[in-house]
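Residues per chain are reported as follows:
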There are 2 protein chains.
Amino acid sequence: MSPLSSGLLGDLDPTSDRAVFRQIADQLREAIDRGRFREGEKLPSEADLVEHYGVSRMTVRNSFSILQGEGLVHAEHGKGVFVRPRPPVRRLASDRFARRHREQGKSAFIVEADTVGSHPQVDSLEVKEEKASQDISTRLGSVRRVLARRRRYLLDGRPVEFATSYLPLDIARGTQIAEPNPGPGGIYARLEELGHRLDHFEEEIRARMPSPAEVKTLRLASGVPVIHLIRTAFDTEGRAVEVCDTVMAADAYVLSYQLPAT
Amino acid sequence: MSPLSSGLLGDLDPTSDRAVFRQIADQLREAIDRGRFREGEKLPSEADLVEHYGVSRMTVRNSFSILQGEGLVHAEHGKGVFVRPRPPVRRLASDRFARRHREQGKSAFIVEADTVGSHPQVDSLEVKEEKASQDISTRLGSVRRVLARRRRYLLDGRPVEFATSYLPLDIARGTQIAEPNPGPGGIYARLEELGHRLDHFEEEIRARMPSPAEVKTLRLASGVPVIHLIRTAFDTEGRAVEVCDTVMAADAYVLSYQLPAT
DNA sequence: CTTGCCCACTCGTCTATACGAGTATGCCTG
DNA sequence: CAGGCATACTCGTATAGACGAGTGGGCAAG
């Protein structure tokens, strides 16, 4: 069926030294880029393309695997290969941790999601004391053990972010920060109540392909990188009072910063 | 040869419902993570693994292709498959465009590279007037045509970044900004001389897999995402005077921002 | 000793085939 | 009509084989 209406895809160039499966991938990519296949639309089946191009099935599958690696398409077993829809992105402003935003009570994630009409969830909460990794210890100023607060964020049921906050035990132990629910304004509000007035944050941003564990936790499609953000919060005495390690699905976020030119 | 000293890799679990090629990928990944194979080291050849696991070659190749997609290994035709070395990263501070840095004369890229002892190059310079894309036009405040300054940055011979600056013609035309070499302090220094005192920057950050063109320009290995940064410069009158669109090899950069907590 | 060729080893590409498993549809049965 | 099953279509996994092409070492000829 679906005899692959001619015109959508061209022919192969046997004289080209570009591999056949790359040529096929090129044609599909171009067709997608030009909007010949729309978001969420089904591409021709493997069998269709086998027939159209007169190649073997493995060759077609190789083409698909290229496009999957580029994050352009995704395959669904028993259904077909589809143009991957670009989910709406969440824009994170750099002032989201400004003090004035903490006064509202709700967490930044919840507030932001509500304002754009999405349904936010927080999930797999875990609060425990543990040994600090080398990296965390360095960032917090040579602490051995820390309080770790782990949680996963979902938007409309889709996991988009997994974050762990690390705090020195001498600050957090026995306070509400060590409770699953840190109360209105989150842990930053509690830190300030404890006398650690926040001065500034440092954020480090990397992008890379996810580990298998991250693929699982964030239910990532293939070809979707992660943004790895490490934020350190400093109080007015220059002490690092929290390190927050966040892994985000890169197709769900745009980070936004505002910098002075002085 | 190289009978694949037993112990490095385990056996398959035929009762597992995890696909064989995934199990092989898992074992290789774990061996790499544990340092059994070091950076740059050669993995067992396809033939070795075919023999070791008693599977067909395509199955082994599937395993390798998973690891390639994760950016863990890279194949070299005629030589073997190697653990991908992590190149040293360039750390970009958020104050790199501060006015005091402009006074030195040299561009931020050159200065930063020199301080870490790397050999910087700038390349494929192109300066021309062109039609503004929809996005650029919006960001610059509905301009139709712009001056575009394109250039590629290399570090020790490796391309790491490709950037295009867009400026409104009414500002840039006929000035030194329209020259290939914009002079000491770069275009920001020229903008200020022209009366556009810079007030602040906005930066938007995304991460995604590269397009084929980007793979080529940045000579990206498979499994390496790009960081896409769009910076808009505003003068003290609130006008957007430049938009800089930058695509960076994600394995070459860590972005760093400092934010006030107020 | 040097040059050049051959060969072994490596990954790259492609074919052909087989079976398994998830999905959707429609028909058949109760 | 409702439920369940058969079937066709989809992608997933795996095998076996073939040829091509890049690399590097060793051997042979000059």
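Starting from 1, residues in each chain are numbered consecutively following that chain's sequence as written. Here every chain gets a letter starting at A, and every ligand a number starting at 1, in the order they are written. In keeping with the predicted nature of the model, local features appear solely for residues at pLDDT of at least 70, side-chain atom pairs appear and are counted solely at 80 or more, and the whole-chain, interface and lining totals rest on all residues. Heavy atoms throughout the structure, all of them, feed into the side-chain values; hydrogens and water do not.

*Asks:* Explain the pattern of salt bridges here, please?
*Replies:* Two side chains carrying opposite charge are able to pair once their charged atoms lie near each other. Salt bridges are identified by distance alone: a Lys or Arg side-chain nitrogen within 4 Å of an Asp or Glu carboxyl oxygen. With the rule as written, the count across this model stands at 48 salt bridges over all chains. Between Arg38(A) and Glu41(A) there is a salt bridge, with its nearest N and O atoms 3.5 Å apart. Type-normalised accessible area, obtained with a 1.4 Å probe on protein chains alone, sets the label of each residue: buried when under 20%, exposed when over 50%, and partly exposed for intermediate values. Accessibility expressed as a relative area gives 26% for Glu41(A), which makes it partly exposed. In this structure, Glu46(A) and Arg61(A) form a salt bridge, with 2.9 Å as the shortest nitrogen-oxygen distance. Of this pair, Glu46(A) sits in helix α2 (residues 46–53) while Arg61(A) sits in helix α3 (residues 57–69); the two residues are 15 residues apart in sequence, bridging distant segments of the chain. Connected through salt bridges with shared partners, the residues Arg91(A), Asp135(B), Arg139(B), Glu204(B) and Arg206(B) form a single ionic network. Under the DSSP-based scheme used, a helix requires at least four consecutive residues in state H or I and a strand at least two consecutive residues in state E, with every element numbered from the N terminus.

*Asks:* Can you help me understand the protein's contact with DNA strand C in this one?
*Replies:* Consider each residue's heavy atoms; a residue with any of them within 4 Å of a molecule or strand counts as near. Taken together, the neighbourhood of DNA strand C is formed by 24 residues, with Val20(A), Phe21(A), Thr59(A), Arg57(B) and Arg61(B) sitting nearest. When the atoms of DNA strand C within 4 Å of the protein are grouped by moiety, sugar and phosphate amount to 65% of the total. Polar contacts here mean pairs of N or O atoms no more than 3.5 Å apart (in protein, one a potential hydrogen donor and the other a potential acceptor; neighbouring residues in sequence count only if both atoms are side-chain atoms). Contact distances for DNA strand C include 2.6 Å between a phosphate oxygen and a backbone N or O atom of Val20(A). Broken down by secondary-structure element, the contributors of at least two residues to the surface near DNA strand C are α1 (20–33) and α3 of chain A together with α3 (57–69), β1 (73–76) and β2 (80–83) of chain B. Residues are grouped as follows: nonpolar covers Ala, Val, Leu, Ile, Met, Phe, Trp, Tyr, Cys and Pro; charged covers Asp, Glu, Lys and Arg; every other residue, Gly included, is treated as polar. When its residues are assigned to classes, the surface near DNA strand C shows eight nonpolar, eight polar and eight charged.

*Asks:* How should the environment of Leu49(B) be read in this particular structure?
*Replies:* Residue and element names in this part refer to chain B. If you trace the backbone, Leu49 turns up in helix α2 (residues 46–53). Note on Leu49: relative accessible area 0%, which makes it buried. Put simply, Leu49 and His200 are 151 residues apart on the chain and 56 Å apart in space, counted from C-alpha to C-alpha.

*Asks:* Honestly, the packing of aromatic side chains in this entry has me stumped. Any pointers?
*Replies:* To describe a pair of aromatic rings, one takes the distance between the centres and the angle between the planes. Only the six-membered ring of Trp is used, alongside the rings of Phe and Tyr, when aromatic pairs are assigned; centres must lie within 6.5 Å, and planes under 30 degrees apart are stacked while those over 60 apart are edge-to-face, with the rest tilted. One pass over the full model with this rule turns up nine aromatic pairs over all chains. Centre to centre, the rings of Phe97(A) and Tyr188(A) are 5.4 Å apart; their planes meet at 90°, and the pair counts as edge-to-face. Highlighted residues: Phe97(A) in the loop between β3 (90–92) and α4 (99–102) and Tyr188(A) in helix α8 (residues 186–193), separated in sequence by 91 residues. According to the relative accessible area criterion, Phe97(A) is buried, its value standing at 13%. Looking at Tyr188(A), the relative accessible area reads 6%, which means it is buried. Pairing Phe97(B) with Phe201(B) gives two aromatic rings, centres 5.7 Å apart and planes at 45°, and the pair type is tilted. Placement of the pair is Phe97(B) in the loop between β3 (90–93) and α4 (99–102) and Phe201(B) in strand β7 (residues 198–208), with a sequence separation of 104 residues. Phe201(B) shares its class with Phe97(B); the two are buried.

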